Amino acid sequence: MKVLKFGGTSVGTAERMRAVAGLIQAPTEPRIVVLSAMSGTTNALVNIAKLLYEGDTTAGSLQIEVLRQHYHIVARELLPEEAVAAEGLKLVDESFKSIFGLTRQPLSATGEKVILAQGELLSTRLFHLYLTRIRGERAVLLPALEFMRLDADEEPDAAYIREHLARQLAQYPDAELFITQGYICRNVGGGIDNLKRGGSDYSASLIGAAAGASEIQIWTDIDGLHNNDPRVVPGTYPIRELSFDEAAELAYFGAKILHPSSVLPAREHGIPVRLLNTMQPEAPGTLISARTGDEAIKAVAAKDGLTAIRVKSSRMLLAYGFLRSIFDVFERFRTPIDMVTTSEVAVSLTIDDDAHLPAILAELRRFGTVEVDTDLSIVCLVGNLVQEHHGAAGQVFDTLRDVPLRMISYGGSPNNISILINTTDKQRALLALNDGLFRRATVTP
Ligand code: ADP
Ligand code: ASP
Ligand code: MG
């Protein structure tokens, strides 16, 4: 079994969907194809939900109608036979009926999730119709809402997913091609939910792990994971091989090509993940597996929206238990810490979820003086940074000599250096690192 996930741009138009139908051909191997919503759709649905939440039903309804019309055009383009087009338009109208149904009362959090789910439901239903009725292929549409589920901690419930996916697959012992939705799932109460923005990658990895897949392919609009953020830095190039740990760090620390958690299920089950380009299917892309290359620094990524907190206390001097008390506060508020540095009298740490910040700060003040900085970014350098590559850190700091550094974390893992800077300095830092570390490689990729 292989899992192939296609992102928003890859299914963004009727023409792109037709191209995807070509890319998933592999007559002898069972495949589960995971689709995102067509590009722009989830953003449009987020906007609709926001308008309805604010009570602006008129603007909300107008946006819903605009999106419905767009899907009518897509359905007609993708499904050129009249009878099939009529079925497609019916499917589209069913989805939009459920959205319009939510405009009559103030939008709840549950209603919002129902709206957001329509993007993946629409793309997979239309694509399945195209495959089976226009191309005459055998393909099964698997409802992700029947097997993708979160547990009480809002984490994917791996055992439930494995059992229920297997049950779904067992209903079609002769089928070789399955189509399903990325991103959407049910929560522990059975309500419709999702795996957060960009979550279709995570769906693919969870499905791959649950099905014991031999490979997970993430098809997107770029030829693999690049050495630096191509949206910020010119002249980046794809990295051909990354270890699970390296890819996980890059995804978590901002490489948008992968959802932050998406490497974890694949790593746990040792399933290779291949990042491939739908626009250039013959390009080798990036292979993520247990192997690692020998380059000291392979890639850089950056994550914005960080808050740094410093707790200073003379009670920390020569005391034990101080750090535990501090970390305990974050644990109680279920707020993950990204980076930590300590000195004899202070500890600095960063968080990216500041939902409970005021309450956390109130508790931390019991331990000493607390300072807070916002609008920070973590720049994360990933590679094979074992001690033999002892020049690497020096090279990094030399390159960043003109950028004020707020925190530095080195040695936490053998493949990561993290540096905290002001977000206003991010572009400058990424460009400087590109010049200082990768320029030679850019000339001869
Ligand atoms: P999809 O819709 O297929 O999931 P995304 O937009 O989520 O695609 O991810 C692909 C985009 O990620 C690329 O177009 C690129 O702009 C961006 N990106 C950011 N950092 C990186 C990186 N290090 N390597 C490759 N792409 C990156
Ligand atoms: N459609 C969702 C989003 O835009 C999930 C995804 O594309 O991965 O965030
Ligand atoms: Mg994505």
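- The name that an unreviewed UniProt entry assigns to the protein is Aspartokinase, with the source organism given as Hymenobacter edaphi.
- Listed under Sequence similarities (unreviewed entry) in UniProt, the entry text for the protein is "Belongs to the aspartokinase family."

## Here's the deal with the environment of Met1
Then, number 1: Take Met1: it is sitting in the segment before strand E1 (2–6).
Then, number 2: Sequence separation between Met1 and Gly208 is 207 residues; the distance between their C-alpha atoms is 8.3 Å.
Then, number 3: Not counting the four nearest positions on each side in its chain, Met1 is found in contact with Pro30, Arg31, Ile32, Leu169, Phe178, Ala211, Ala213, Ser214 and Glu215.

## What to know about the site of ligand 1
Then, number 1: Around ligand 1, the surrounding shell holds 16 residues, and the nearest of these are Gly8, Thr220, Asp221, His226 and Lys256.
Then, number 2: In the environment of ligand 1, an oxygen atom lies 3.1 Å from a nitrogen or oxygen atom belonging to the backbone of Gly8.
Then, number 3: Out of a free accessible area of 570 Å², ligand 1 has 87% covered by protein chains.
Then, number 4: Looking at side-chain class alone, the shell around ligand 1 contains 5 nonpolar, 6 polar and 5 charged residues.

## Some words on the packing of helix H10 (residues 322–332) against helix H11 (residues 357–364)
Two numbers describe a pair of packed helices, the interaxial angle and the distance between the axes.
Then, number 1: H11 packs onto H10 with a crossing angle of 155° between their chain directions and a minimal axis gap of 10 Å. By the angle between their directions, the pair H10 and H11 is classed as roughly antiparallel. Classified by chirality, the crossing of H11 by H10 is right-handed. Taken together, the residues of H11 that come into contact with H10 (itself represented by Ile326, Val329, Phe330 and Arg332) are Ile360, Glu363 and Leu364.

## A short note on the UniProt feature "binding site: ATP" (unreviewed entry) in the protein
Then, number 1: Within this structure's numbering, the places UniProt gives as "binding site: ATP" (unreviewed entry) are Lys5, Phe6, Gly7, Gly8, Thr220, Asp221 and Arg231.
Then, number 2: Tracing the backbone through its elements, the reader meets Lys5 in strand E1.
Then, number 3: The residues contacting Lys5, other than those within four sequence positions of it, are Val34, Ser36, Ser200, Asp201, Ala204, Gln217, Ile218 and Trp219.
Then, number 4: When you line up the elements, Phe6 lands in strand E1.
Then, number 5: Residue classification places Phe6 among the buried positions, given a relative accessible area of 0%.
Then, number 6: When near neighbours in sequence (up to four residues on either side) are disregarded, Phe6 contacts Val11, Val20, Leu23, Ile24, Val33, Val34, Leu35, Ser36, Trp219 and Thr278.

## Considering the pattern of salt bridges
Any two side chains of opposite charge can pair if their charged atoms end up close together.
Then, number 1: What the rule picks out here adds up to 24 salt bridges.
Then, number 2: The closest approach of N and O atoms between Lys5 and Asp201, which form a salt bridge, is 2.6 Å. In this pair, Lys5 is assigned in strand E1 and Asp201 in helix H7 (residues 200–211), connecting sequence segments 196 residues apart.

## Concerning the pairing of strand E12 (residues 339–342)
Then, number 1: Relative to strand E13 (residues 346–351), E12 runs antiparallel, the two sharing 4 bridges. Bridge pairing in E13 links Met339 to Thr350.
Then, number 2: Turn length for the E12-E13 hairpin, with the two strands adjacent in sequence and antiparallel, is 3 residues.

## Considerations on empty space enclosed by the protein
Then, number 1: Per the counting criterion, the structure on display carries 1 cavity of 30 Å³ or more.
Then, number 2: Lining the largest cavity, in full, are Asp201, Ser205, Ile216, Ile218, Leu258, Ser262, Val263 and Val273.
Then, number 3: Those elements that provide at least two residues to the lining of the largest cavity are H7 and strand E7 (215–220).
Then, number 4: Its residues assigned to classes, the lining of the largest cavity shows 5 nonpolar, 2 polar and 1 charged.

## With respect to the sheet that holds strand E4 (residues 177–181)
Then, number 1: In space, the 8 strands of this open sheet follow the order E3-E4-E2-E1-E7-E9-E10-E8, with mixed pairing throughout. Strands with a single pairing partner mark the edges of an open sheet, and in this sheet they are strand E3 (140–142) and strand E8 (241–243). Adjacent strand axes in the sheet meet at a mean angle of 20° when their direction is disregarded.
Then, number 2: One ladder, built from 5 bridges, connects E1 with strand E2 (residues 31–35); its direction is parallel. Pairing of Lys2 across the sheet is with Arg31, part of E2.
Then, number 3: Against the sheet, H7 engages E1, E2, E4 and E7, with an angle of about 160° to E2.

## Notes on the side chain of Thr132
Then, number 1: Within the fold, Thr132 resides in helix H5 (residues 109–134).
Then, number 2: At 2.7 Å, the side chain of Thr132 and the backbone oxygen of His128 are in polar contact.
Then, number 3: Other than its neighbours up to four places away in sequence, Thr132 contacts Glu137 and Ala139.

## Points about the site of ligand 2
Then, number 1: Around ligand 2, the neighbouring residues are Ser36, Ala37, Thr42, Glu120, Tyr183, Arg197, Gly198, Gly199 and Ser200.
Then, number 2: The separation between an oxygen atom of ligand 2 and a polar main-chain atom of Gly198 is 2.8 Å.
Then, number 3: Between Gly199 and ligand 2, the recorded distance is 3.4 Å, taken from a backbone N or O atom to an oxygen atom.
Then, number 4: Starting from 260 Å² of accessible surface for ligand 2 in isolation, the protein chains cover 86%.
Then, number 5: Its residues assigned to classes, the shell around ligand 2 comprises 2 nonpolar, 5 polar and 2 charged.

## A closer look at the side chain of His226
Then, number 1: With respect to the element layout, His226 can be found in the loop between E7 and E8.
Then, number 2: Apart from residues lying up to four places away in sequence, His226 is in contact with Thr236, Tyr237, Pro238, Ile239 and Ala299.

## So, the nonpolar core
A general feature of soluble globular proteins is that nonpolar side chains tend to end up buried together.
Then, number 1: Among the nonpolar cores identified, the biggest contains 102 residues, and Phe6, Ile24, Leu79, Phe127, Leu258 and Ile288 are the most heavily contacted of them.
Then, number 2: A total of 10 residues in this core trace back to one element, the largest contributor, which is H5.
Then, number 3: For Ile288, the residues in contact, after removing those within four places along its chain, are Leu242, Ser243, Phe244, Ala247, Leu258, Val263, Pro272, Val273 and Leu275.
Then, number 4: In this structure, Val379, Ala392, Val403 and Leu430 belong to the second largest nonpolar core, which totals 22 residues.

## Thoughts on unusual backbone geometry
Glycine aside, the phi torsion of most residues is negative, and most peptide linkages are trans.
Then, number 1: Of note, the phi angle at Tyr183 is positive, near 75°, even though the residue is not glycine.
Then, number 2: Mapped onto the secondary structure, Tyr183 falls in the loop between E4 and strand E5 (184–186).
Then, number 3: Overall, the relative accessible area of 3% leaves Tyr183 in the buried class.

Scoring rules and cut-offs
- Residues numbered from 1 in each chain as written.
- Chains lettered and ligands numbered in written order.
- Predicted model: local features only at pLDDT ≥ 70, side-chain atom pairs only at ≥ 80, totals over all residues.
- Heavy atoms only, no water.
- UniProt positions renumbered as here; feature names shortened; annotations may be inferred.
- Helix = DSSP H or I, 4+ residues; strand = E, 2+ residues; numbered from the N terminus.
- Contact = heavy atoms within 4.5 Å.
- Near = heavy atom within 4 Å.
- Polar contact = N/O pair within 3.5 Å; in protein donor to acceptor, adjacent residues only side chain to side chain.
- Areas by Shrake-Rupley, 256 points an atom, 1.4 Å probe, with all protein chains shown as cover.
- Nonpolar A, V, L, I, M, F, W, Y, C, P; charged D, E, K, R; others polar.
- Axes fitted to C-alpha atoms, helices over the stretch in contact; angles between N-to-C directions.
- Parallel < 35°, antiparallel > 145°, perpendicular 65-115°, else oblique.
- Left-handed = near helix turned anticlockwise from the far one by under 90°.
- Buried < 20%, exposed > 50% of the residue type's maximum accessible area, 1.4 Å probe, protein only.
- Salt bridge = Lys/Arg side-chain N within 4 Å of Asp/Glu carboxyl O.
- Pairing = 2+ DSSP bridges.
- 1 Å grid on protein atoms, 1.4 Å probe; cavity = no way out; pocket = protein on both sides within 12 Å on 5 of 7 lines; lining within 4 Å.
- Points joined across faces, edges and corners; volume = space filled by probe spheres on them.
- Core = buried A, V, L, I, M, F, W, Y, C linked by side-chain atoms within 4.5 Å.

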